Amino acid sequence: MSKATATAHSNIALVKYWGKRNSELMLPQNGSISMTVSDLNVNTTVEFGSFPEDSLVINNQKLNKGTEEYDDYVGIFLNVVRNVVKKDLKAKIVSESNFPIAAGLASSAAGFAALALATSKALNLPTDEKSVSILARRGSGSASRSISGGFVEWKRGEKEDGTDSVAVQIAPKDHWPEFRMLTTIVTSSAKKVKSRAGMAQTLKTCPYYKGWLESVNQDLDIVRKGIIEKDFTSVGQTSEFNALKMHATMMTTKPPIIYWMPSTLEIMQSVMAWREEGLESYFTMDAGPQVKVMCLQKDVLELKKRISELNGVQQVIECKPGDGARILDRHLF
Ligand code: DP6
């Protein structure tokens with residue numbers, strides 16, 4: 001059978017991936033750690049055959065060849081797949097997400113994780129987590145982490161061919177079910193600078209990028225240990241610190257990249273003030289204005305209430321540790 005459907009969840013990085021050492025193989029400059037989340041997911045059906053050309057529909061919207069969204073992402077991925085199977089098959093892809101795409105909620109991570117698993121199944125390629133993670137990485141680096149559930153580390157790897165740059169589970173979702181990410185949407189419009197372009201610009205022009213690379217391994221060690229020991233303070237503090245360091249490199253590129261909106265900053269400062277009062281929470285942001293607030297289950301109600309009352313907050317989505325990518329029986333077409 002050449003048709004398959006898979007579902008995958010987004011993941012939110014606690015220690016961020018920022019910068020590539022090989023952009024064709026999508027090999028990162030540094031390792032990263034994330035939590036695969038329960039409530040943001042993408043379902044994708046892919047069929048390979050002798051169609052006149054590839055086609056892609058995301059959330060009922062057709063994406064055409066010749067657009068940056070298509071050519072630089074799915075277009076490249078499908079060429080990688082054709083190279084692997086050594087056949088000129090064309091693909092029909094239909095994808096649905098339950099959250100706004102391109103809003104900084106890791107839609108490419110969930111999207112390429114689902115597409116990589118569905119593709120592997122449809123073309124009879126290996127479907128073990130390691131193989132699918134390596135294939136998903138070729139679509140979008142962070143997608144390599146959404147193949148596994150719970151808490152996941154994408155190893156930087158050392159090999160030039162990328163065979164050791166793979167995501168592995170640190171702990172399953174049931175290890176720390178109290179951990180929460182309150183994903184706060186302050187705008188649902190598309191982001192201005194995509195992560196891919198932003199990280200390339202950082203590598204080229206940011207004088208502090210060296211400092212990022214020199215300190216990231218320490219963050220990885222602390223967060224990995226913190227997850228294993230369920231030490232919320234240690235994971236929260238280090239994740240927040242890591243996100244701020246990444247944003248400091250973004251802001252100091254030429255031209256500068258500032259993803260934050262006024263409401264982004266308002267949430268960050270509120271979280272810091274609430275923490276002073278004893279309501280323990282930490283923030284993290286990716287390549288966009290949304291803030292993800294880390295907390296434990298016992299504080300969810302109070303924090304949701306307080307965050308919702310802040311200016312500019314459109315929606316708060318409570319995310320728990322979630323499952324990895326899996327095959328679905330029901331196709332979208
Ligand atoms: C800031 O995985 O979207 O969200 O590999 O170029 O597709 P590409 O980039 P992408 O970058 C994610 C960057 C980040 C941090 C993270 O998720 O680790």
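Residues numbered from 1 in each chain as written. Predicted model: local features only at pLDDT ≥ 70, side-chain atom pairs only at ≥ 80, totals over all residues. Heavy atoms only, no water.

Draft legend 1. Spotlight on the sheet that holds strand E11 (residues 282-284). If you walk across this open sheet you meet the four strands as E11-E12-E10-E13, and the pairing is antiparallel. Bordering the open sheet on either side are E11 and strand E13 (315-319), each of which pairs with just one other strand. With direction set aside, neighbouring strand axes in the sheet form an average angle of 25 degrees. Pairing of E11 with strand E12 (residues 291-296), which is carried by three bridges, proceeds in the antiparallel orientation. Counted as the bridge partner of threonine 284 is lysine 292 from E12. In the packing of helix H6 (residues 232-251) onto the sheet, contacts are made with strand E10 (179-185), E11 and E12, and the angle to E11 comes to roughly 35 degrees. (Pairing = 2+ DSSP bridges. Helix = DSSP H or I, 4+ residues; strand = E, 2+ residues; numbered from the N terminus. Axes fitted to C-alpha atoms, helices over the stretch in contact; angles between N-to-C directions. Contact = heavy atoms within 4.5 Å.)

Draft legend 2. Focus on the packing of aromatic side chains. Summed over all chains, the structure comprises seven aromatic pairs. Here phenylalanine 179 and phenylalanine 232 contribute two aromatic rings whose centre-to-centre distance is 5.7 Å and whose plane-to-plane angle is 70 degrees, an arrangement assigned as edge-to-face. With a gap of 53 residues between them, phenylalanine 179 in strand E10 and phenylalanine 232 in helix H6 connect regions that are remote in the sequence. Classification of phenylalanine 232 as buried rests on a relative accessible area of 6%. Here the guanidinium or amino end of lysine 92 rests over the ring plane of phenylalanine 333, the centre of that ring lying 4.4 Å away. (Phe/Tyr/Trp six-rings, centres within 6.5 Å; stacked < 30°, edge-to-face > 60°. Buried < 20%, exposed > 50% of the residue type's maximum accessible area, 1.4 Å probe, protein only. Lys NZ or Arg CZ within 6 Å of the ring centre and 35° of its normal.)

Draft legend 3. Representation of the domain arrangement of the protein in the model. Considered domain by domain, the protein is made up of domain 1 (2-173) and domain 2 (179-319). Using C-alpha coordinates to define each centre, domain 1 is positioned 23 Å away from domain 2. With 35 residues of domain 1 at the interface, the matching set in domain 2 holds 44 residues. The closest approach of N and O atoms between lysine 16 and aspartate 286, which form a salt bridge, is 2.7 Å. The interface formed by domain 1 and domain 2 contains nine residue pairs in polar contact (both at pLDDT 80 or more). Listing elements by their share of the side of domain 1 that touches domain 2, those giving two or more residues are strand E1 (3-15), strand E4 (32-49), helix H1 (68-85), strand E8 (151-154) and strand E9 (167-171). Taken together, the residues of the side of domain 1 that touches domain 2 break down into 19 nonpolar, nine polar and seven charged. (Domains from an automatic or database assignment. Salt bridge = Lys/Arg side-chain N within 4 Å of Asp/Glu carboxyl O. Polar contact = N/O pair within 3.5 Å; in protein donor to acceptor, adjacent residues only side chain to side chain. Nonpolar A, V, L, I, M, F, W, Y, C, P; charged D, E, K, R; others polar.)

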